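# Architecture at a glance
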Amino acid sequence: MGDGEPRVPTAIAVTSADMALPPQDERTLPAAVLQDVDRRPLDHVLAELQTLVDQCGHVIVVCSEAVPAGVERRLHTVRALLETDRIALFRPPLPPLGIAVLARQLRQLASCDLGPGVLASAGRLLTHYIHAGALLGSVARLDRVPVDLKAHARSWVPGSQFGVVAHPEPQLVRIGAEAALSGPEFGTSLLVAKGQLPSDWVTGTLAPAWRVQGLREAALPAESSSWWGTGRLTEFCAYLPDLSVLYQLVTSVRQDACHWCGIDVIGDRCVFCSATPPVYDDGGGGSGGGGASGRDRALGHRRDPALGRRRERRALTG
């Protein structure tokens, strides 16, 4: 883009409409909803993604690990057929409501002066600040969090309820007078999505204990029952709501150019091409010769067109 030309925001895409939460503020951009990508004709999905890339330059698809396997396969196929490194698939280890919250945070940041590589990398950074869990009526089929035999046995007792945190650290307690879950040590808002279980404990006990600064409700994502192993649940997620705080967190981290695709990123992995920084032994007269630095050799490796084409066809960040 030339000087003075407005930057087109990177598209933040989700795989179902219920993962596109309402805007957090007036700057939150709408999500691109890739609905039923595993059921629609391949050429329709190809055209949709190609249009997004043409319009926005880069697309970051944020999806849950609970999406049907066909969705993930279709996204891999589309990216390979388009032969592009401008589509990233980001699947952080969060429950569905946490995924929706993270996607909305990226939609907030997409309105700022952040490049696509930095924005995609920000997803990995912001994941660490999300506390995601659920109130469950049963943990008999829960396989995302360690469950001991006693908790399994109590799942069969009528009326039992369990408080579970899946991220950032697994926690599980049986709901009772002394039940408590460790929460964030910084100011957050709490989003609550009620399923087939009353949310009284979450809103009346957990929220005050976590000293949340705001509480909102959302529809329960369709993937939540599969992720948690039961439909008898209320899902919750504590998160940083303010764009200024999110922006400060992201911009305080050092940026570097990806040695493979050249895009600016933060952290040690490019979300678009999956590359991690190479390690070169530049000391003591290595066999590289010519006095070229590790950085120069990395750039020379990246510019090999044949290697680049093979790499971009098979790499899709998970």
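### What to know about the packing of aromatic side chains
Any aromatic ring pair is given by two values, namely how distant the centres are and how the planes are angled relative to each other. Using the criterion set out here, one finds 3 aromatic pairs in the structure. Here the aromatic rings of Y129 and F186 are separated by 5.8 Å at their centres, their planes lie at 65°, and the arrangement is edge-to-face. Here the residue Y129 occupies a position in the loop between α4 (116–127) and β5 (131–136), and F186 occupies one in the loop between β7 (171–174) and β8 (189–194), the gap between them amounting to 57 residues. Under the relative-accessibility criterion, Y129 is labelled partly exposed at 27%. For F186, a relative accessible area of 30% puts it in the partly exposed group.

### Comments concerning the packing of helix α3 (residues 96–109) against α4
Interaxial distance between α3 and α4 falls to 10 Å at its minimum, and their mutual angle equals 135°. By the angle between their directions, the pair α3 and α4 is classed as oblique. The crossing of α3 and α4 is right-handed. Here L102, Q105, L106 and L109 of α3 come into contact with α4, specifically with L119, A122, G123, L126 and T127. Of the residues assigned to the contact of α3 with α4, the class counts are 6 nonpolar, 3 polar and no charged.

### Some remarks on helix α6 (residues 200–209)
Within the sequence span of α6, burial applies to W201, V202, L206 and A207. Along the axis of α6, the buried positions cluster into a sector of 150°, meaning they face one direction only. Elements in contact with the buried residues of α6: β5, β8, β9 (215–218) and β10 (233–239). In the segment just after α6, R211 is the residue with positive phi, at about 55°.

### Looking at the sheet that holds β8
The strand order across the open sheet built from 6 strands is β7-β6-β5-β10-β8-β9, with neighbouring strands paired in mixed fashion. Two strands close off the open sheet at either side, each with one partner strand: β7 and β9. Each adjacent strand pair in this sheet contributes to an overall mean axis angle of 20°, direction not counted. Taken together, the 4 bridges between strand β6 (residues 162–167) and β7 define a ladder with antiparallel strand orientation. In the strand pairing of β7, V165 is matched with Q171. Relative to the sheet, α3 contacts β8 and β10, its axis offset from that of β10 by approximately 30°. The strands touched by α6 are β5, β8, β9 and β10; relative to β8, the strand with the most contacts, the crossing angle is about 165°.

### Quick look at the layout of surface pockets
As a volume, the largest pocket reaches approximately 250 Å³. Looking at the largest pocket, it is lined by 14 residues, and the ones nearest its centre are T15, S16, D36, P68 and E223. Grouping the constituent residues of the lining of the largest pocket by class yields 6 nonpolar, 3 polar and 5 charged.

Reading guide: rules and limits
Residues numbered from 1 in each chain as written. Predicted model: local features only at pLDDT ≥ 70, side-chain atom pairs only at ≥ 80, totals over all residues. Heavy atoms only, no water. Phe/Tyr/Trp six-rings, centres within 6.5 Å; stacked < 30°, edge-to-face > 60°. Helix = DSSP H or I, 4+ residues; strand = E, 2+ residues; numbered from the N terminus. Buried < 20%, exposed > 50% of the residue type's maximum accessible area, 1.4 Å probe, protein only. Axes fitted to C-alpha atoms, helices over the stretch in contact; angles between N-to-C directions. Parallel < 35°, antiparallel > 145°, perpendicular 65-115°, else oblique. Left-handed = near helix turned anticlockwise from the far one by under 90°. Contact = heavy atoms within 4.5 Å. Nonpolar A, V, L, I, M, F, W, Y, C, P; charged D, E, K, R; others polar. Arc of directions from axis to C-beta. Pairing = 2+ DSSP bridges. 1 Å grid on protein atoms, 1.4 Å probe; cavity = no way out; pocket = protein on both sides within 12 Å on 5 of 7 lines; lining within 4 Å. Points joined across faces, edges and corners; volume = space filled by probe spheres on them.

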